[in-house]
Amino acid sequence: MKHIIFTEKAPAPIGPYTQAVKAGNTLYVSGQIPVNPATGEVVKGIEAATKQVMENLKAILTEAGATFENVVKTTIFLADMGQFAQVNGVYARYFNEATAPARETVQVAQLPKSVEVEISCIAVL
C-alpha cells in the first residue's frame, strides 16, 4: 500500500508525479529543484539554489514525519559538474558526516526549468 505525501511548504509537482510516496517504511522523495514554494520563482546562484533544494526536501521529509537522519540515499543532478564543490558544501550542512547517506552525483544535459541542480532522496522511517 502506498501513501502520497504532499506539503504546500515545497513546490507543487510540475508534471504527473507526486512530491513523495511512502510505501511501507520507505519514503521516496521526487527530485526537488530550486523553486521557492512561496513565490514559485526559481532561485538563482548555485549555493542559494542548492539551499532551496535542501529546504524543499526538508519540508517534504517533515510532512512525512522524517528528518535528514532518516535519509539513506540521495541522487544529485548537476547541469555543470564544475559546481560540485559549492553544492557539496551546502549539502554537507544538512547531513552529519558520520551518518550521511549513500549518494551519487551526475552531470546532465538539462534539468527542468533550466535549473542548475536537482536532488532526490530515499528515506527509511
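Look a little higher up for the structure.
Predicted model only: the values in this text are computed from it and were never measured.

Chemist: Now, about the sheet that holds strand β1 (residues 2-5): what can you tell me, with residues and values included?
Modeler: The six strands are arranged β1-β2-β3-β6-β4-β5 in an open sheet whose pairing can be described as mixed. Because the sheet does not close on itself, it has two edges, and the strands there are β1 and β5 (102-107). Neighbour-to-neighbour, the strand axes of this sheet turn through a mean angle of 15 degrees, independent of strand direction. With four bridges joining them, β1 and strand β2 (residues 20-23) adopt antiparallel strand pairing. Across the sheet, the residue bridging to K2 is A23, located in β2. Strands in contact with helix α1 (residues 46-63) are β1, β2, β3 (26-32), β4 (71-78) and β6 (117-124); relative to β6, the strand with the most contacts, it is inclined by about 30 degrees. Helix α2 (residues 84-92) rests against β4, β5 and β6 of the sheet, and its axis sits at about 150 degrees to β4.

Chemist: If you had to explain the packing of α1 against α2 to someone new, which residues and values would you point to?
Modeler: The interhelical angle for the contact between α1 and α2, taken along N-to-C directions, is 40 degrees, at an axis separation of 9 Å. Viewed along their axes, α1 and α2 adopt a mutual orientation that is oblique. For the pair α1 and α2, the crossing hand works out as right-handed. Every residue of α2 that contacts α1 at I46, E47, T50, K51 and M54 is listed here: Q86, V87, V90 and Y91. Of the residues in the contact of α1 with α2, the class split is five nonpolar, two polar and two charged.

Chemist: Could you give an account of the environment of G40, with specific residues and numbers?
Modeler: Among the structural elements, G40 can be located in the loop between β3 and α1. Residue G40 is classed as partly exposed on the basis of its relative accessible area of 39%. Each C-alpha atom of the pair G40 and P11 lies 7.2 Å from the other, and the pair is 29 residues apart in sequence.

Chemist: Before we move on, could you go through the packing of aromatic side chains and cite the residues and values that matter?
Modeler: Inspection of the entire model under this criterion finds three aromatic pairs. Relative to Y94, the ring of F68 has its centre 5.4 Å away and its plane inclined at 65 degrees; by these criteria the two rings are edge-to-face. In this pair, F68 is assigned in the loop between α1 and β4 and Y94 in the loop between α2 and β5, connecting sequence segments 26 residues apart. Residue F68 is classed as buried on the basis of its relative accessible area, which comes to 10%. Overall, the relative accessible area of 17% leaves Y94 in the buried class. When the ring of Y91 is compared with that of F95, the centres are 4.8 Å apart and the planes differ by 40 degrees; the resulting orientation is tilted. Judged by its relative accessible area of 5%, Y91 is buried. F95 gets classed as buried once you look at its relative accessible area, which sits at 11%.

Reading the values: rules and limits
- Residues take numbers from 1 onward in each chain, read along the sequence in its written order.
- Predicted model: local features are reported for residues with pLDDT of at least 70 only, side-chain atom pairs are reported and counted for 80 or more only, and whole-chain, interface and lining totals are derived from all residues.
- Computation of side-chain values covers all heavy atoms of the structure but excludes hydrogens and water.
- Should DSSP find at least two bridges between two strands, the strands are taken to pair.
- Only runs of H or I of at least four residues qualify as helices and only runs of E of at least two qualify as strands under DSSP, and these elements are numbered from the N terminus.
- Angular values range over 0 to 180 degrees, each being the angle between N-to-C directions of two axes fitted as lines to C-alpha atoms, with helices fitted over their stretch in contact.
- Note on contacts: a residue pair qualifies if any of its non-hydrogen atoms lie within 4.5 Å across the two residues.
- If an angle is under 35 degrees, it is roughly parallel; if it is over 145, roughly antiparallel; if it lies from 65 to 115, roughly perpendicular; otherwise it is oblique.
- Whether a crossing is left-handed or right-handed is set by the direction in which the near helix is turned from the far one by less than a right angle, anticlockwise for left-handed and clockwise for right-handed.
- Side-chain classes follow a simple rule in which Ala, Val, Leu, Ile, Met, Phe, Trp, Tyr, Cys and Pro form the nonpolar group, Asp, Glu, Lys and Arg form the charged group, and the remainder, Gly included, forms the polar group.
- Here the term buried applies to any residue with accessible area under 20% of the maximum for its type, exposed to any over 50%, and partly exposed to those in between, with areas from a 1.4 Å probe on protein chains only.
- Note on aromatic pairs: the rings of Phe, Tyr and Trp (six-membered ring only in Trp) are paired at centre separations within 6.5 Å, and the planes decide the class, stacked below 30 degrees, edge-to-face beyond 60, tilted for the rest.

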